[in-house]
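One letter stands for each residue in the lines below.
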Amino acid sequence: MPSLVERLRSIVGDEACLARAEELFVYECDGLTLDPVRPSAVVLPRDTEQVASVVRACREFGQPFVPRGAGTGLSGGAHPTPGAVIVECSRMDRILEVDAGNRIARVQPGVVNADLSVAVATHGLFYAPDPSSQMACTIGGNVAENAGGPHTLKYGTTTNHVLALELVLPDGAVSRLGSATGFAPGYDLVGAVVGSEGTLGIVTEVTVRLTPIPEGVETLLGIFPDVVSACRAVGRVIRSGLVPAALEILDQRTIRAVEDSVYAAGLPRDAGAVLVAELDGAACALPAQVEKVRAIIGEEGASEVRVARDEQERALFWKARKGAFGAMGRLAPDLYVHDAVVPRAVLPEILATVCEIGDRHGVTLSNVFHAGDGNLHPNISFDRRDPDELRRVIAAGTEILEACVRVGGVITGEHGIGTEKRDFIGLVFNEADLDAMKRVRDAFNPDGVCNPGKIFPTTRFCVESNPKARGYDRVPLA
Amino acid sequence: MSALGEELREALGAESIVEHPPVEWDGHKLELTFRPPDGDRLAKGLALLSERGLAALVRGGGTRSHWGNRAERADLILSTEALTGIDTLDTEDGVVHVAAGTRLDEVRAAANSGGWELPLDPPGEGTTVGGALSAAAIGPRRLGFGPPRDCVLGLEVALASGERTRCGGRVMKNVTGYDLAKLYTGAFGTLGVIERAWLRLRPLPASLEVRVAEVPSSVDPFALTLELARRTTTRVAALVGPGPAERIGSGCLIEEGWVLVAEFAGDSPATERDLEWLEGRVDALPADADVVGGLRRIQGAPVAPPGLRARIAVLPSALPETCAGLEASDLELVVHPGLGLVYVESHADLDGSLGAVDGAAARGCGSAMYESLPSQARAGRDVFGASPDVVPLMRALKERFDPTGTLNPGRFAGGL
Amino acid sequence: MAEPVTGLPSQVYTRSLACVHCGLCLSACPTYRVTGRETSSPRGRIYLMRGVAEGRIELGELLAEEAYLCLGCRACETACPSGVEFGAMLEETRAAVDEAGLRGGLQPRLERMILRQVVPHRRRLRLLIGLLALAQRTRIDRVASLLLPRSLRALLPEIPARADRRQPPERIPAEGEQRGRVAFLTGCVMPEIFGSVNAATLRVLSRNGFEVVVPRDQTCCGALQAHAGDLDFARGLARRNAAVFEAAGVDAIVVNSAGCGAAMRSAEHWIPGEGASYAGKVRDVCELLDEVGLRPLTHSIQGRLCYDDPCHLIHGQGVSAAPRRLLEQIDGIELVPHADASSCCGAAGTYNLTHREMSQQVLERKMDALAAADPDLIATGNPGCLMQLRAGVRLRGMRARVVHPVELLDQAYQNPHG
């Protein structure tokens, strides 16, 4: 009887199956470095058939399996459980078809998000969801997490751009869901799989909608004395009847980190906050919209409003924005990224609360977020080697989430629950709600072998009294 | 009152159960309607029905009772009409929280008064929020509004087991747990009964223009309308055949060919530019929004037997080929090239029409859904046209959400 | 706070702490793009280094492999928002890997011998090159090279005539009004194989008002040795050069080989303190000319030109716009962008000899992009890249001539063919 690794090698080839201890060490986590677990093997399949065979082999050996894209996820969605086999989709990176006339593309899951937009640019099209990690993250990973990005305010998240999927089900069968027409009969299975964090099967092909590159784009930069007044401006823009392409806020600490990095965009280091507002669409309608936004920003206390002069300057703003998360590495060795969403009307209050919580716990907190969607990213920089700091980071993070839920918000807008927030999901949903979700998981993945340990709580919900429930020392569910 | 009626009345309160003269529905004679006045009663009633193995036909405003496959079993009607009211209209944030039985026109009016627009426009006087979402019903503005699922931020749903559940929320972006709202939207009430919904509104457009035009024979109607559909402010871009052109009140009486109906919404410089673009290509006449209403109206009512109405979905590039076979027959067409949709209506020759519709869908490599079809033709047919490939997964879902087959048994795609 | 260090120098660990594992470096990494393996990505390699430093894994086989599978192109540094100094970490890790004896076999010893005993010694190197030239002239090489695989054969450069391998004078006066006094690094390979590039560089500098001194006792920059894990030897070379160039008392030290320039700038962390002033004076020739402004060119050159960034210029020294701005000033040149300009060509010092297969795969990507842009000329400012791209052009049968940017500037000043 061959071992599982031998079986996997016979499927994908020796070179495409990693099993040395140090190789497995590298795969113990994704973009979330907390709670690492080493897998038992990593396979790099090239096509659907290999994925299906790998899944069947894992079943035969009773081992769970975990799909993985570029491993840029921030909630531990690609973290293995002990013994799990990682199915790394990075080699399934072909764009299979671009149908510019119908504005659709069919791609393998390992295609890098930004590469797709580059590939279809000659047709005047782009792939709209643009997570900040788009230079590296894959379409398959985006599907799993229902990835968002700054431009979801106007264009929606991944789920609004996926028309059909090919899915290797957890029993190894291959299923095609949805329709390129956008009108698939029956349950919206594509809608269920997008954002299911890889727990319903392994996506092996994605048919996406492509969006025309807008005729005109204008990007404004409002320089504010503080983050709360920038939030007020966002609320007024939303109420004004405009639908901007993006409304993003960077606070002072973020501005300084970015300005220290290779993505420096000349943002004023002494500004309390910068609001990036982007308007796009018919060129003839933009001047009036720009004036409207400029007036609002000015009235809400911006000391200065800059308008990007050209595409180059615009690109600079966005590089600064998208490099912000990585730039936090300049503040401390570790970073805890939160991803709460609140009703947009309460942004000024919640930001004040978030900052107060950070100050009270004495943690290094910075905010860079999709203000137009009400999607906060309070980032806490820390050094995990300092146990007291770690404790305060966890306490502050928990309080922030609770405050967001209290005003009608949720605990994740685009990063997913994964392992990182599974013990917080009870803040938002009760057992009956979670039970309904489990019914879906059970329909696709009845024995839970596909990406186990994600989304659903593993511990009793007792975060407040027990900071260890963050996952450093988990209390198993009795 | 029947024994069942008495029992339900006892358990759920007199106001929840309405006894009425028999209503004929797919051959079932139904004398009871479960009409819960609140979510608690809805859940309690569902638990009771499940426990007793009874089947309920779920309805909102009753505007789409003619949709779906024939019900396998039916013991009573479940109506959400008493679950009404707008709980929250947040005009700062552009969201509304509304009970499922609330009529769309009520929500629309409330939203409009706050400067917002409800991006749902399905046909049917009295269509409710719950009904529109359950059926994923669309209207002529689907091009501009997007699919109904896009405006659903969160749902409260009562499951057949009697559990009241929530999914999603009221915020713009949310990946907290599975996106169950996508599954419930368009599930035809077969996975649970929507009790309340959080909907995302969009700003009212500053400018709205409607135009109708006869498409000259020198112009490729599909290419023209597809290009029109892809202008930035186009909200409706439909090609209407001679019969429907008259019925929607377009004012264009044609013997053959197409009438183009266009609606533009947005900031005025942009709508004006798109108007100019159109006027440079066809003789476009101003019309009022009634024409779009007419387009909606003719898609609402069931077609009297032996007539049928079907919606064919293909890729836009396949439209000319899809329609070529349909023009030859005596069928009335409304085409939305931007969406790849063809609405087909016929009033005679049921078999011939069925063959033409199925053939056209196959030619265009798409699918056909029959919205209105005489009872005898629905027997043994999946009017949704679900692919057999996905039926096992759909069945697995149905078995886990509604193991006793309490909700609309047999009426949905794949006979679920 | 205690900083655990096991088998790797402590600065590797300190540098690794800047990485927050965001992954933005992945798609910039040529070996990740070819393999799809996290282990062969910058993030993965940093994770391995940190793992060793924290004592979570041992300094072993995989890190030894990966430290050398890495091209050292430093594209990850350009992508990294957190400023991780990957190039430095790589050199330090390679040194530790070699120290630990994890690179077995004859090759590392032979390589070290050549890099220590031949390359930094002008006469020995000349002798070796002279032999190769003789072989080429007598066509013996054709017989010998038949034994080599095609990809390697294509790499062998044409050894120029002895006249082109002459040592430049010690001092070249400035033409016209003097704009500065600079020293010039001749390099070790450059004078032997790209002597004409050196000559062109000196002419262009002089034409632009620079007095150029060429210190006779300068030595090799240490780049090849450092990349090969012989950091100690490289430090020695850097110390000597620092002393020699400091003594020259110049405004800048001009380099026309991107690899050498990046290495000389690294002296800052190779020999902390003493290397700072020397490193601070280093300028790539294009960078310097762009800074002061090019004197008007006099001749036109017709053709489509692709500029290809040497990694050690764009990623190692942050210079990418300057050469483009210079080349654009040549009348008749149409600068055509190509998709893969900023990524490695696979030359990477001796990488194309030690990791031939990976080097070829990396080159393929580059050549696809270049072929799509269909240029008449390809310009790049580094000897290794010049050889690698010439090989790529030859293997593909493309018409493009591969040149150093300075050669084009030189031509546009005096049109030597006219």
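Residues numbered from 1 in each chain as written. Chains lettered and ligands numbered in written order. Predicted model: local features only at pLDDT ≥ 70, side-chain atom pairs only at ≥ 80, totals over all residues. Heavy atoms only, no water.

Draft legend 1. Up close: the pairing of strand E18 (residues 378–382) of chain A. Residues and elements named next belong to chain A. Burial runs high along E18: five of the five residues are buried. Taking every second residue as pointing to the same face, both faces of E18 are buried, with Pro378, Ile380 and Phe382 on one and Asn379 and Ser381 on the other. With four bridges joining them, strand E16 (residues 334–337) and E18 adopt antiparallel strand pairing. Opposite Tyr336, over in E18, you have Ile380 as the bridge partner. Sheet analysis places strand E17 (residues 364–369) next to E18, joined by four bridges and oriented antiparallel. By the bridge assignment, Leu365 is partnered in E18 with Ile380. (Buried < 20%, exposed > 50% of the residue type's maximum accessible area, 1.4 Å probe, protein only. Helix = DSSP H or I, 4+ residues; strand = E, 2+ residues; numbered from the N terminus. Pairing = 2+ DSSP bridges.)

Draft legend 2. Summary view of the pattern of salt bridges. Under the definition given, this model contains 95 salt bridges over all chains. Taking the shortest distance from any N to any O, the salt bridge between C:Arg33 and A:Asp115 comes out at 2.5 Å. One end of the pair, C:Arg33, is in helix H2 (residues 30–35); the other, A:Asp115, is in helix H4 (residues 113–120), on a second chain. By relative accessible area, which is 27% here, C:Arg33 ends up partly exposed. For A:Asp115, a relative accessible area of 28% translates into the label partly exposed. The closest approach of N and O atoms between A:Glu311 and A:Arg314, which form a salt bridge, is 2.9 Å. Placement of both A:Glu311 and A:Arg314 in helix H11 (residues 311–322) is noted, with a separation of three residues, approximately one turn of the helix. Connected through salt bridges with shared partners, the residues A:Glu97, A:Arg106, A:Glu166, A:Arg176 and A:Glu205 form a single ionic network. (Salt bridge = Lys/Arg side-chain N within 4 Å of Asp/Glu carboxyl O.)

Draft legend 3. Spotlight on the arrangement of the chains. Here two pairs of chains are in contact, and chains A and B lead that list by number of contacts. The least C-alpha distance between chain B and chain C, which are not in contact, is 20 Å. (Contact = heavy atoms within 4.5 Å.)

Draft legend 4. Local environment of a nonpolar patch on the surface. Together, C:Leu110, C:Met113 and C:Ile114 make up a nonpolar patch on the protein surface, roughly 250 Å² of accessible area in all. In this structure, C:Met113 sits in helix H7 (residues 106–118). (Patch = residues over 30% accessible without salt bridge, like charges linked within 9 Å, V, L, I, M, F, W, Y side chains within 5 Å. Areas by Shrake-Rupley, 256 points an atom, 1.4 Å probe, with all protein chains shown as cover.)

Draft legend 5. Summary view of the domain arrangement of chain A. Residue and element names in this part refer to chain A. Here chain A is partitioned into domain 1 (4–88), domain 2 (95–212), domain 3 (216–326) and domain 4 (331–470). Between the C-alpha centres of domain 1 and domain 4 the distance comes to 26 Å. Counting residues at the interface gives 15 residues for domain 1, matched by 16 residues for domain 4. Carbon and sulfur atoms make up 55% of the surface buried where domain 1 meets domain 4, a total of about 1,300 Å² over both sides. Together, Leu34, Leu74 and Ser75 form the three largest contributors to the area buried by domain 1 at its contact with domain 4, with a combined 36%. Seen at the junction of domain 1 and domain 4, the total is one salt bridge. (Domains from an automatic or database assignment. Buried area = accessible area lost by both parts, 1.4 Å probe.)

Draft legend 6. Focus on the packing of aromatic side chains. On inspection of all chains with the given rule, the structure shows ten aromatic pairs over all chains. Taken together, a centroid distance of 6.0 Å and an interplanar angle of 70 degrees make the contact between B:Phe222 and B:Trp258 edge-to-face. Pair noted here: B:Phe222 is in helix H7 (residues 221–229) and B:Trp258 is in the loop between helix H8 (242–247) and strand E14 (259–266), with a separation of 36 residues, a long-range link. Residue classification places B:Trp258 among the buried positions, given a relative accessible area of 8%. With centroids separated by 5.0 Å and ring planes inclined at 65 degrees, the aromatic side chains of B:Phe384 and B:Phe412 adopt a geometry described as edge-to-face. With B:Phe384 in the loop between helix H13 (375–378) and helix H14 (391–401) and B:Phe412 in the segment after H14, this residue pair connects regions lying 28 residues apart in the sequence. Note on B:Phe384: relative accessible area 6%, which makes it buried. One aromatic cluster in this structure is built from A:Tyr187, B:Phe188, B:Phe384 and B:Phe412. (Phe/Tyr/Trp six-rings, centres within 6.5 Å; stacked < 30°, edge-to-face > 60°.)

Draft legend 7. How the structure looks around the interface of chain B and chain A. At the interface, 66 residues of chain B touch 79 residues of chain A. Note on chain B versus chain A: buried area summed over both sides is about 5,800 Å², and carbon and sulfur give 60% of it. For chain B, the biggest contributors to the area lost against chain A are B:Lys173, B:Val175 and B:Tyr178; these three give 17% of the whole. Counting across the interface, chain B meets chain A through eight salt bridges. Where chain B packs against chain A, one counts 20 residue pairs in polar contact (both at pLDDT 80 or more). (Polar contact = N/O pair within 3.5 Å; in protein donor to acceptor, adjacent residues only side chain to side chain.)

Draft legend 8. Up close: the confidence of the model for chain B. Per-chain confidence: chain B averages 95 in pLDDT, with 100% of residues scoring 70 or above. Scoring the predicted complex yields pTM 0.93 and, for the interface, ipTM 0.97. (pLDDT = per-residue confidence, 0-100.)

Draft legend 9. Layout of empty space enclosed by the protein. Residue and element names in this part refer to chain A. The tally for this structure, following the rule as stated, stands at eleven cavities of 30 Å³ or more. Space inside the largest cavity adds up to approximately 780 Å³. Taken together, 48 residues make up the lining of the largest cavity; nearest its centre are Thr72, Gly73, Leu74, Ser133 and Glu145. When contributions to the lining of the largest cavity are tallied by element, the ones reaching two or more residues are strand E3 (65–68), helix H5 (139–145), strand E10 (202–209), H11 and helix H12 (324–327). The element best represented in the lining of the largest cavity is H5, accounting for five residues. Grouping the constituent residues of the lining of the largest cavity by class yields 18 nonpolar, 23 polar and seven charged. (1 Å grid on protein atoms, 1.4 Å probe; cavity = no way out; pocket = protein on both sides within 12 Å on 5 of 7 lines; lining within 4 Å. Points joined across faces, edges and corners; volume = space filled by probe spheres on them. Nonpolar A, V, L, I, M, F, W, Y, C, P; charged D, E, K, R; others polar.)

Draft legend 10. Looking closely at the nonpolar core. Ranked by internal contacts, the top residues of the largest apolar core, which has 177 residues, are A:Phe444 and B:Leu199. Sort the elements by how many residues they give to this core and helix H14 (residues 387–406) of chain A lands first, with nine residues. Sequence-distant contacts of B:Leu199, defined by excluding residues within four places in its chain, comprise B:Gly94, B:Val95, B:Val96, B:Val98, B:Leu118, B:Leu120, B:Val129, B:Leu133, B:Cys151, B:Val152 and B:Leu153. Judged by nonpolar contacts, the second largest core, of 36 residues, contains C:Val285, C:Cys286, C:Leu294 and C:Leu326. (Core = buried A, V, L, I, M, F, W, Y, C linked by side-chain atoms within 4.5 Å.)

Draft legend 11. Spatial organisation of the pairing of strand E13 (residues 246–251) of chain A. All names here are of chain A. The buried count for E13 comes to six of six residues, which makes it a mostly enclosed element. Alternating positions in E13 separate into two faces, Ala246, Glu248 and Leu250 on one and Leu247, Ile249 and Asp251 on the other, with burial throughout. Where E13 and E17 come together, two bridges link them in antiparallel fashion. Bridge pairing links Leu250 to Val368 in E17.

Draft legend 12. Examining the packing of helix H4 (residues 61–69) of chain C against helix H6 (residues 86–99) of chain C more closely. Residue and element names in this part refer to chain C. Direction vectors running N to C along H4 and H6 enclose 135 degrees, while the axes themselves pass 10 Å from each other. With respect to H6, the element H4 is oriented oblique. Taken as a pair, H4 and H6 cross one another with a handedness that is left-handed. Together, Leu63, Ala64, Ala67 and Tyr68 of H4 and Leu90, Thr93, Arg94, Val97 and Asp98 of H6 make up the contact between the two elements. (Axes fitted to C-alpha atoms, helices over the stretch in contact; angles between N-to-C directions. Parallel < 35°, antiparallel > 145°, perpendicular 65-115°, else oblique. Left-handed = near helix turned anticlockwise from the far one by under 90°.)

Draft legend 13. Molecular detail of H14(B). Of the positions making up H14(B), those classed as buried are B:Val391, B:Leu393, B:Met394, B:Ala396, B:Leu397, B:Lys398 and B:Phe401. Turning to H14(B), the residues buried within the fold contact strand E9 (174–178), helix H7 (189–193) and helix H15 (431–444) of chain A together with helix H6 (180–184) of chain B.

Draft legend 14. Summary view of the interface of chain C and chain A. At the junction of the two partners, chain C supplies 41 residues and chain A supplies 48 residues. Roughly 3,300 Å² of surface becomes buried between chain C and chain A when both sides are summed, with 54% attributable to carbon and sulfur atoms. Of all residues in chain C, C:Val20, C:Tyr47 and C:Pro81 bury the most surface against chain A, accounting for 17% of the area lost on that side. Remark: the boundary between chain C and chain A carries six salt bridges. In this structure, A:Arg20 and C:Glu61 form a salt bridge, with 2.8 Å as the shortest nitrogen-oxygen distance. Elements that contribute at least two residues to the side of chain C that touches chain A include exactly H2, helix H3 (42–53), H4 and helix H5 (75–79) of chain C. Of all the elements, H3(C) adds the most residues to the side of chain C that touches chain A, at six residues. Its residues assigned to classes, the side of chain C that touches chain A shows 18 nonpolar, twelve polar and eleven charged.

Draft legend 15. Spotlight on the sheet that holds strand E5 (residues 282–284) of chain C. Residues and elements named next belong to chain C. Read across the open sheet, the five strands follow the order E1-E3-E2-E4-E5; overall the sheet is mixed. Two strands lie at the open edges of the sheet, namely strand E1 (171–172) and E5, each paired on one side alone. Strand direction decides the pairing type here: strand E2 (residues 180–184) and strand E3 (residues 210–213), joined by four bridges, are parallel. Of the residues in E3, the one forming a bridge with Arg181 is Glu211.

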